[in-house]
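# Chains, contacts and geometry: an overview
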Amino acid sequence: MSTSAKPQAEPTFSSNYDPEQGAKDLAPLLKSNGGKWAVIESGKGIERGFKFKGFKKCWEFMNLIAPECVKQKHHPEWSNVYNTTFIRWTTHSPPGLSEKDLIMARFCDEKAKECGEVVEEDGSGDRMETQKGLVDRVASEGGDCCVPKGKK
Ligand SMILES: C[C@H](O)[C@H](O)[C@H]1CNC2=NC(N)=NC(=O)C2=N1
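Residues numbered from 1 in each chain as written. Predicted model: local features only at pLDDT ≥ 70, side-chain atom pairs only at ≥ 80, totals over all residues.

## What to know about the environment of Ile87
- Examined against the element boundaries, Ile87 turns out to sit in strand 4 (residues 84-92).
- Residue Ile87 is classed as buried on the basis of its C-beta count, with 24 C-beta atoms lying within 10 Å.
- For Ile87 and Glu60, which are 27 residues apart along the polypeptide, the C-alpha to C-alpha distance reads 15 Å.
- Among residues more than four places away in sequence, those in contact with Ile87 are Glu47, Arg48, Phe50, Pro76, Trp78 and Cys108. (Helix = DSSP H or I, 4+ residues; strand = E, 2+ residues; numbered from the N terminus. Buried ≥ 20, exposed ≤ 12 C-beta atoms within 10 Å, placed from the backbone. Contact = placed C-beta atoms within 7 Å.)

## Considering the nonpolar core
- Membership of the largest hydrophobic core comes to 26 residues, with the highest contact counts inside it found for Leu29, Ile46, Phe61, Ile87 and Ala105.
- Sorting the residues of this core by element identifies strand 1 (38-39), strand 2 (45-51), helix 2 (55-72), strand 4 and helix 3 (99-114) as the ones contributing at least two each.
- Among the elements that line this core, the one with the most residues is helix 3, at five residues. (Core = buried A, V, L, I, M, F, W, Y, C linked by C-beta atoms within 7 Å.)

## With respect to the site of the ligand
- Inspection of the region around the ligand gives nine residues, with Lys73, His75, Thr91, His92 and Ser93 positioned closest.
- Its residues placed into classes, the shell around the ligand shows two nonpolar, six polar and one charged. (Near = placed C-beta within 6 Å. Nonpolar A, V, L, I, M, F, W, Y, C, P; charged D, E, K, R; others polar.)

## Side note on the packing of helix 2 against helix 3
- In the contact formed by helix 2 and helix 3, the axes pass within 10 Å of each other and the chain directions differ by 155°. Here helix 3 runs roughly antiparallel to helix 2, going by the angle between their axes. As for how helix 2 packs across helix 3, the hand of that crossing is right-handed. Residue-level inspection shows Phe61, Leu64, Ile65, Glu68 and Gln72 of helix 2 in contact with helix 3, the latter providing Lys100, Ile103, Met104, Phe107, Cys108, Lys111 and Ala112. (Axes fitted to C-alpha atoms, helices over the stretch in contact; angles between N-to-C directions. Parallel < 35°, antiparallel > 145°, perpendicular 65-115°, else oblique. Left-handed = near helix turned anticlockwise from the far one by under 90°.)

## Some remarks on the pairing of strand 4
- For strand 4, the buried fraction is high: seven of the nine residues fall into the buried class.
- Here strand 2 runs beside strand 4; their pairing, made up of seven bridges, is antiparallel. Residue pairing in the sheet places Phe50 in a bridge with Thr85 of strand 4.
- By the bridge criterion, five bridges tie strand 3 (residues 77-81) to strand 4 in an arrangement that is antiparallel. (Pairing = 2+ DSSP bridges.)

## Looking at helix 2
- Over its 18 residues, helix 2 extends 26 Å from the first C-alpha to the last, a length consistent with the 26 Å expected when each residue adds 1.5 Å.
- Lys73 lies just past helix 2 and shows a positive phi near 50°. (Expected span 1.5 Å × (residues − 1).)

## Comments concerning the pairing of strand 2
- Burial within strand 2 is extensive, with six of its seven residues counted as buried.
- Summarising the sheet, strand 1 and strand 2 pair through two bridges and their orientation is antiparallel. Bridge pairing links Ala38 to Glu47 in strand 2.
- Connecting strand 1 to the next strand, strand 2, in antiparallel fashion are five residues, including Gly43 with a positive phi near 85°.

## Description of the environment of Ile65
- The residue Ile65 is located in helix 2 in this model.
- Along the primary structure Ile65 and Ala105 are separated by 40 residues, whereas in three dimensions their C-alpha atoms are 10.0 Å apart.
- Beyond its immediate chain neighbours, meaning those up to four positions away, Ile65 contacts Pro76, Cys108 and Lys111.

In structure tokens:
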């Protein structure tokens, strides 16, 4: 059984995002409202897993997301294992959930559909603990995106 037992964390929005507007924009993306995203424990981001038919389709999807990240100047915290990818959208500066995170989340939902996302009726798409762990490591060991240039 995979009834999502975890209570939803309260979102923490970036200081430059009106929280009322944020809550409105976020609502339709959340599992509790028929969406697929979950607020992360800190409240400062949202995450979900995606599954595709095989590696090729998954990579095609990630390849559609990447140029949009460049365009938006906003990067994901993500991992890939074979036909699945786990994506977290959070903003480092100013910290919290920002409008860009939600723009990118919606973009991901749309592109996943176009790439033939496999939706598991039993909710097993949510059980991506290994990938979640990978993203945690990527996030804590990687990123110097917010280190001012020349200060490394
Ligand atoms: C200078 C550059 O635009 C910033 O470092 C951007 C890059 N991409 C980013 N992406 C994310 N997820 N959060 C940020 O705060 C962020 N900052």
